[in-house]
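In case you want the letters, here they are:
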Amino acid sequence: MFEHLPWKIESALERFFRLSEPSLEIVGTDSGTLLASLLTLPKVALNENPHLVVVSDLAAAESLVCSLNFIAPKVSTFILPAFDVGVYSNLYPSRRVVAGRLRWLWRAQNARPADIFIAPIEALVQRTLPYQTLAHKAFRLGKNDALPLEFAAHMEALGYANVPIVEDIGTFSLRGGIADIFSPAHEHPVRLELFCDIVDSMRFFDSETQRSLGETSLLEIIPAHEVLFTDENRQKAALKFKAGLEGRNLDREESQALLHQLVQGQYFHGVEYLLSYFYDMPATPLEHFNSPLNLWRLDPFALT
C-alpha cells in the first residue's frame, strides 16, 4: 500500500516547486524522520538551494541529524549551537560551543546546494560577529602556499592561543619546521610540514593521540572567537565596560583585571558576552548566508 509513497511525494514536490515563491505546510506530524526523507529526496527542485531547518532545541537538532545520517550518510549537516550557559550563571560558554557556532557561520557563507543547516531557535536569535568581519579574517592554506608574515602574531589576532601541544580547538603551535593548527572550521587539527615558510605537506591528526589521520589538500583558518580585537574596538569596548561598572556591586579586583585585559587586547573566558561592546551592529546568523535558502520549521508550535 505504501510502496509508492516516496515516489508520490517526490512527484508532488517537483510539481509544487515549479511555482514562484512557494510555501508548503505539512500538518498532522512533527516527525524528524519524515522531514529527513523530504530533505534528501534526490530529484526534488528544492535541492538547488541549501536548507535551513529551525527546531525547538538542541535535542531536536541532534535527533534530526541522526535521522539524516541514517537515511543519507553522505549529506552535509551543520548544527548551530547556542551558548550552553547563561550570562548571569558565573560560567562561560565552552570553547567547543563557540567553535561550533563559528564553523556553522563559515559554512553558511560558503553554502552549497543541498547542504542542511539546523538551528535551534535560541541559537538563531543569538547575535554574532558581522558577516564582513568573518569573511575578511578567514583564509585558506594549501600545499606550496606561504604562511602569512608574522604568522604567530597573525594567529593570535584571530583569537588562537599559542601552546606547546595542540589539543583544543582554537590553538596552534610552531616548532621547527612544523605548524599545528586546530581551526574551528575542521573537526580535527592539521599538521603542516614547512620548507622555510612554504607548506610542504598537510595532514589531519588526532588531538588526543597526536597520530596522523590522513592527508588534506586544504586548511581553512577562521577566527577562534566571535569577538575579535582591533586597535580601535578594544579601546571602545574598554570604555563601555568601564561605564557599565558604575553603580554596580562587583568585585573591584576582578573587574579591574578584566578591564586591563580589554585594554591590552587579551582574550579571556566569557569575552563573547561583551559582543555588543565590540560591534556597532552585531549580525544574526541568518545574515551570513550568501544564497537563497529553503526554510523549514520542524514542529512550529514548539518554536513559539
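Residues numbered from 1 in each chain as written. Predicted model: local features only at pLDDT ≥ 70, side-chain atom pairs only at ≥ 80, totals over all residues. Heavy atoms only, no water.

## Overview of the sheet that holds strand E10 (residues 212-215)
Here is step 1 of the chain: With respect to topology, six strands assemble into an open sheet ordered E5-E6-E7-E8-E9-E10, the strand pairing being mixed. The open sheet is flanked by strand E5 (161-162) and E10, the only strands paired with a single partner. (Pairing = 2+ DSSP bridges. Helix = DSSP H or I, 4+ residues; strand = E, 2+ residues; numbered from the N terminus.)

## Remarks on the packing of aromatic side chains
Here is step 1 of the chain: Summed over all chains, the structure comprises eight aromatic pairs.
Here is step 2 of the chain: With a centroid separation of 6.4 Å and an interplanar angle of 80°, the aromatic rings of Phe-151 and Phe-172 are classed as edge-to-face. With Phe-151 in helix H7 (residues 151-157) and Phe-172 in strand E6 (residues 171-175), this pair connects stretches of sequence that are 21 residues apart. Assigned by exposure class, Phe-151 and Phe-172 land together as buried.
Here is step 3 of the chain: An aromatic cluster is present here, built from Phe-78, Trp-104, Phe-117 and Phe-289 joined pairwise through their rings.
Here is step 4 of the chain: Sitting over the face of the ring of Phe-205, Arg-191 holds its NZ or CZ atom 4.2 Å from the ring centroid. (Phe/Tyr/Trp six-rings, centres within 6.5 Å; stacked < 30°, edge-to-face > 60°. Buried < 20%, exposed > 50% of the residue type's maximum accessible area, 1.4 Å probe, protein only. Lys NZ or Arg CZ within 6 Å of the ring centre and 35° of its normal.)

## Description of helix H4 (residues 95-109)
Here is step 1 of the chain: The end-to-end C-alpha distance of H4, which contains 15 residues, comes to 21 Å, matching closely the 21 Å that a straight helix rising 1.5 Å per residue would cover.
Here is step 2 of the chain: Burial analysis of H4 places 13 of its 15 residues in the buried class, which makes it a mostly covered element. (Expected span 1.5 Å × (residues − 1).)

## A few points about the pairing of E6
Note on strand geometry: in a regular strand, side chains alternate between the two faces of the sheet.
Here is step 1 of the chain: Relative to E6, E5 runs parallel, the two being bridged by two bridges. Within E6, the position partnered with Ala-161 by the bridge is Thr-171.
Here is step 2 of the chain: Sheet analysis places E6 next to strand E7 (residues 178-181), joined by four bridges and oriented antiparallel. Within E7, the residue paired with Leu-174 across the bridge is Ala-179.
Here is step 3 of the chain: Taking the residues that link successive antiparallel strands as the turn, the E6-E7 hairpin has two residues, and the phi of Gly-176 there is positive, at about 60°.

## Digging into the environment of Val-54
Here is step 1 of the chain: Among the secondary structure elements, Val-54 is positioned in strand E1 (residues 51-55).
Here is step 2 of the chain: For Val-54, a relative accessible area of 6% gives the class buried.
Here is step 3 of the chain: As for Val-54 and Phe-117, which are separated by 63 residues in sequence, their C-alpha atoms are 8.6 Å apart.

Geometric descriptors of this kind do not, in isolation, establish any biological role.
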